[in-house]
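# Examining the three-dimensional arrangement
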Amino acid sequence: MNKKGFIFDLDGVIVDTARYHFLAWRKLAETLGISFNEKDNEQLKGVSRVRSLEKILSWGNVNLTRDRFDELLERKNQDYLGYIADMNEDEILPDVPRVLSYLKQNEQPIALGSASKNARVILEEVGLLNVFDAIVDGTNVTKAKPNPEVFLIAAEKLRVAPEKCIVFEDALAGIQAANNAGMTSVGIGNPTILREAMYVFKDFTEIPTEFFSKLISE
Ligand code: B16
Ligand code: MG
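Criteria and cut-off values
Residues numbered from 1 in each chain as written. Chains lettered and ligands numbered in written order. Predicted model: local features only at pLDDT ≥ 70, side-chain atom pairs only at ≥ 80, totals over all residues. Heavy atoms only, no water. Core = buried A, V, L, I, M, F, W, Y, C linked by side-chain atoms within 4.5 Å. Buried < 20%, exposed > 50% of the residue type's maximum accessible area, 1.4 Å probe, protein only. Helix = DSSP H or I, 4+ residues; strand = E, 2+ residues; numbered from the N terminus. Domains from an automatic or database assignment. Contact = heavy atoms within 4.5 Å. Near = heavy atom within 4 Å. Polar contact = N/O pair within 3.5 Å; in protein donor to acceptor, adjacent residues only side chain to side chain. Areas by Shrake-Rupley, 256 points an atom, 1.4 Å probe, with all protein chains shown as cover. 1 Å grid on protein atoms, 1.4 Å probe; cavity = no way out; pocket = protein on both sides within 12 Å on 5 of 7 lines; lining within 4 Å. Sits in = over half its atoms within 2 Å of the grid points. Nonpolar A, V, L, I, M, F, W, Y, C, P; charged D, E, K, R; others polar. Points joined across faces, edges and corners; volume = space filled by probe spheres on them. Salt bridge = Lys/Arg side-chain N within 4 Å of Asp/Glu carboxyl O. Phe/Tyr/Trp six-rings, centres within 6.5 Å; stacked < 30°, edge-to-face > 60°.

## Concerning the nonpolar core
- Counting residues in hydrophobic clusters, the biggest one holds 53 residues, and the most contacted among them are F8, I14, F132 and F168.
- At seven residues, the largest contribution of residues to this core is made by helix α1 (residues 18-31).
- A domain-level breakdown of this core finds at least three residues from each of domain 1 (5-16 + 89-217) and domain 2 (18-84).
- When sequence neighbours within four positions are dropped, the list of residues in contact with F168 reads F6, I7, F8, D9, V13, V186, I188, F204, I207 and F212.
- I7, V150, F151 and A178 belong to the second-largest nonpolar core, a separate cluster that totals 16 residues.

Laid out in structure tokens, this is it:
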């Protein structure tokens, strides 16, 4: 069997936690008097927690002491953890289970490549922790997307060459990271935002099984 490496982002690809990140960041921005909408949030997708707060502060021209910065980061994460506390398998995005089981049946290695430090908690809650052959998350990387580090570590863990890996991403920074890693990039979401991806689908329900069988046999 021909083996490829299938690498999935978490937030916005496997589960819709992108919504909860948005709500937590908006709450924080409001307390600082900084306006924050869905369009602003788009620029935070796939971006680390620290970098996200730096961006929000720069949009509002706000400077903070190190202690206050750390306090706000912690507060955002506590709010976010509150939102995700009751997650269950119903929050797995449509057709993700179909895709994962097809890849499993075809003995394809599967990895998670996420910027989130909460990735394992979320996978556990939705019952997918044991599905992945490798998990690389925000606790394993030092360089944020669009740096390819997260996906290159995932490929290494799967023992698959980067050019044989396919990345599924909902963020432009993530698509750029996949391209920078020399991997096939598949955008999940808006084709205008994800225009740098090699393929884009609105969601997994739009991806026919033949797309995966073709990727495997190529
Ligand atoms: P956390 P992904 C990313 O996850 C999110 O897209 C991004 O919005 C978030 O700031 C980042 O994780 C860090 O998450 O605060 O949970 O460590 O899309 O790379 O799976
Ligand atoms: Mg994402």
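## Structural notes on the site of ligand 1
- In the neighbourhood of ligand 1, 18 residues make up the surrounding shell, with D11, R49, S114, S116 and K117 lying closest.
- L10 has a polar backbone atom sitting 3.2 Å from an oxygen atom of ligand 1.
- Across the complex, the protein chains shield 97% of the 470 Å² of accessible surface that ligand 1 would expose by itself.
- Assessed atom by atom at 2 Å from the grid points, ligand 1 resides in the largest pocket.
- By residue class, the composition of the shell around ligand 1 is five nonpolar, six polar and seven charged.
- No fewer than three residues from each of domain 1 (5-16 + 89-217) and domain 2 (18-84) sit in the shell around ligand 1.

## A closer look at the layout of surface pockets
- What the largest pocket holds in volume is close to 550 Å³.
- Around the largest pocket, the lining is made up of 31 residues, and of these V47, S48, R49, A115 and S116 lie nearest the centre.
- Residue composition of the lining of the largest pocket, grouped by class: 11 nonpolar, 10 polar and 10 charged.
- In terms of domain composition, the lining of the largest pocket takes at least three residues from each of domain 1 (5-16 + 89-217) and domain 2 (18-84).
- By volume, the second largest pocket amounts to about 370 Å³.
- Forming the boundary of the second largest pocket are 17 residues, of which D16, A18, E42, K45 and D170 lie nearest the centre.
- Elements with a contribution of two residues or more to the lining of the second largest pocket: α1 and α2 (38-42).

## Structural notes on unusual backbone geometry
- For the peptide bond that leads from K145 to P146, omega is 20 degrees, which places it in the cis range.
- With respect to the helices and strands, P146 occurs in the loop between β3 (134-136) and α7 (149-158).
- The phi dihedral of N61 is positive, around 55 degrees, even though this residue is not glycine.
- Relative to the assigned elements, N61 resides in the loop between α3 (49-59) and α4 (66-84).
- When its relative accessible area of 71% is taken as the criterion, N61 is described as exposed.
- Its identity as a non-glycine residue notwithstanding, E107 has a phi of 55 degrees, on the positive side.

## Things to note about the pattern of salt bridges
- Counted under the stated rule, the structure contains 13 salt bridges.
- The partner of K45 in a salt bridge is E42, and the shortest N-O contact between them spans 3.3 Å.
- Residue classification places K45 among the partly exposed residues on the basis of a relative accessible area of 23%.
- For E42, a relative accessible area of 25% corresponds to the partly exposed category.
- Among the ionic pairs, D203 bridges to K202, the shortest N-O distance being 3.6 Å.
- Taken together, the shared-partner salt bridges connect D9, K145 and E169 into one network.

## Re the packing of aromatic side chains
- For the structure on display, the rule yields 12 aromatic pairs.
- Taking the centre distance of 6.4 Å and the plane angle of 50 degrees together, the rings of F6 and F212 count as tilted. Note that F6 is positioned in strand β1 (residues 5-8) and F212 in helix α9 (residues 209-217), a separation of 206 residues in sequence.
- Given the relative accessible area of 2%, F212 is considered buried.
- The interplanar angle of 45 degrees and the centroid separation of 6.2 Å between the aromatic rings of F8 and F204 together place this pair among those described as tilted. Placement of F8 in strand β1 and of F204 in the loop between β6 (199-201) and α9 is noted, with a sequence separation of 196 residues between them.
- Classification of F204 as buried rests on a relative accessible area of 2%.
- Each residue in the set F6, F8, F168, Y199, F201, F204, F211 and F212 is aromatic and connected to the rest through ring pairs, giving one cluster.

Just geometry here; none of it tells us what the structure is for.
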